[in-house]
Each structure stands twice: as structure tokens, then as C-alpha cells.
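# Geometric and topological summary
Spelled out from the first residue to the last, the chains are:
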Amino acid sequence: METPISVQDKKDFVRWFLNHYQLKKRESVWILNYLINHEAILQHAHFVDEVEFCPRGILISAQGVKAPPFRFYKDKVMTTDAEKSFHDIRLNQEDPLYIQLNFDQANQSARYAAVLEENPYVPLNHYLTAKDKKLAGRLLDISLLEHQKQQLERDIDEALDNGDKQTFKRVSTLLQKVKQELAEIADK
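The rules behind these values
Starting afresh in each chain, residues are numbered from 1 along the sequence in its written order. For a predicted model such as this one, the threshold for reporting local features is a pLDDT of at least 70, and the threshold for listing and counting side-chain atom pairs is 80 or more; totals across whole chains, interfaces and linings nevertheless cover every residue. Side-chain calculation: all heavy atoms of the structure are included, whereas hydrogens and water are not. UniProt positions are given in the numbering used here, feature names are shortened, and annotations may be inferred rather than shown by experiment. For each residue, the accessible area found with a 1.4 Å probe, counting protein chains only, is set against the maximum for its type, and the residue is called buried under 20%, exposed over 50%, and partly exposed in between. Numbering of helices and strands runs from the N terminus, with a helix taken as a DSSP run of H or I at least four residues long and a strand as a DSSP run of E at least two residues long. By this definition, two strands are paired if DSSP reports at least two bridges between them. Buried Ala, Val, Leu, Ile, Met, Phe, Trp, Tyr and Cys residues form a nonpolar core when they are joined through side-chain atoms within 4.5 Å. When checking whether two residues touch, look at their non-hydrogen atoms; a contact exists if any pair is within 4.5 Å.

The protein chain has the name UPF0302 protein SAMN05421743_106123 in an unreviewed UniProt entry, where Thalassobacillus cyri is given as its organism. In its Sequence similarities (unreviewed entry) section, UniProt records this for the protein chain: "Belongs to the UPF0302 family."

Across the six residues of strand 2 (residues 56-61), six count as buried, placing the element largely inside the fold. Of the two faces of strand 2, the one holding Arg56, Ile58 and Ile60 and the one holding Gly57, Leu59 and Ser61 are both buried throughout. Relative to strand 3 (residues 70-74), strand 2 runs antiparallel, the two being bridged by five bridges. Each bridged residue has a counterpart across the sheet, and for isoleucine 60 the counterpart in strand 3 is phenylalanine 70. The sheet contact formed by strand 2 and strand 5 (residues 97-102) spans five bridges and is parallel. Considered in strand 5, the bridge of isoleucine 60 is made with leucine 101.

Another aspect to go through is the nonpolar core. Counting 31 residues, the largest nonpolar core has Phe13, Ile58, Leu101 and Phe103 as its most contacted members. Considering every element that reaches this core, the biggest residue donor is helix 1 (residues 7-20), with six residues. Apart from residues lying up to four places away in sequence, isoleucine 58 is in contact with Ile31, Val51, Phe70, Arg71, Phe72, Ile89, Leu97, Tyr98, Ile99 and Gln100. Counting residues in each nonpolar core, the second largest holds eight residues, with Leu145, Val171, Val178 and Ile185 among its members.

Take a look at the structure:
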């Protein structure tokens, strides 16, 4: 299990962030300053990526990045109204608050990495590309056909052992079809 990030570390990071970046929306500065001064909220704050999947999250962007200036998400509803979000944060201090900060070279910032947590709400297949999905489907098809082929080979052995020509012919035909399907998938 991950070690929880201390309130002091979060506070230090937010101060650093505010001192080094100009935010696209001035209300974002007010909200972050409010967080610094309210440890109860920071205790339940988590810095994550893909905040739109979280039950309650805030997205704040600095100048110089191609991202929306400000968004607040609550129960799959999004608003750009910073005042509404501020009131929600102020009134629900014990609820988890997920924060995504967009700024230049965020993915290379050791300071951000130190407070960044894995987002538990991102769907498992979110980062899969269409190519990944196609490959996974192909592997699944091959696996199922290989299993079917093995079962048919066992059925053929049993038919031979029992001298059952009719079952042998029927299962041999099925086996040929499965082998043909496997060859077609392998050629893709």
C-alpha cells in the first residue's frame, strides 16, 4: 500500500506551484490559497490525473498549456463556475477532493510527482488504444480456438479408441474448420 502524502507536503507543493505558475483563472488562485489555509481539506485532497472520472474533482490550468482554465466535477456533472465549486469545497471539507493541475512540463516535475497519486476511478481500459483492443481480441480468439482444437483432438482420440467412425468423421470436419480459422487469424 502506498504511503499517504502528508498535508505539509501537499501544502508545500501548492505554495511552490502558485509561486511558479500564472493560472488561467484568478479564482483558481483563491481556491488553492484556501486549501493551503485549511488542513482539514488538504487531509482529504488527492492530486491525480484524469480528474473527470472522480466523484468530486477540480481541474486547474496554468498559462501555456492547452487545457481548460478551470473545471469542477461532482457526481459526473461538470461546471466552470469557480464560485459554486468553492462553496462545495468549503461546505464538504471531509469529502475526498481530487485535484488535477495542468502546467507546462507537469509530467517532468519531480515536485508534482511527489504528491501525485494514482487515480482509482480511471476505467481499466481507458489507456488502451484501438490497436491494443484489436490485439487483445485477436489473442482471445486464438486462445479460444486453441482450446477448442485440443478438445476436438481429444474427441477424435476417443472416437478412434471406441471405433466410432461416424463421430470420428464429424469431429474431424469440425477440427479442420477450427484449424482453418486459426490459420486465418494468424495471417491477419
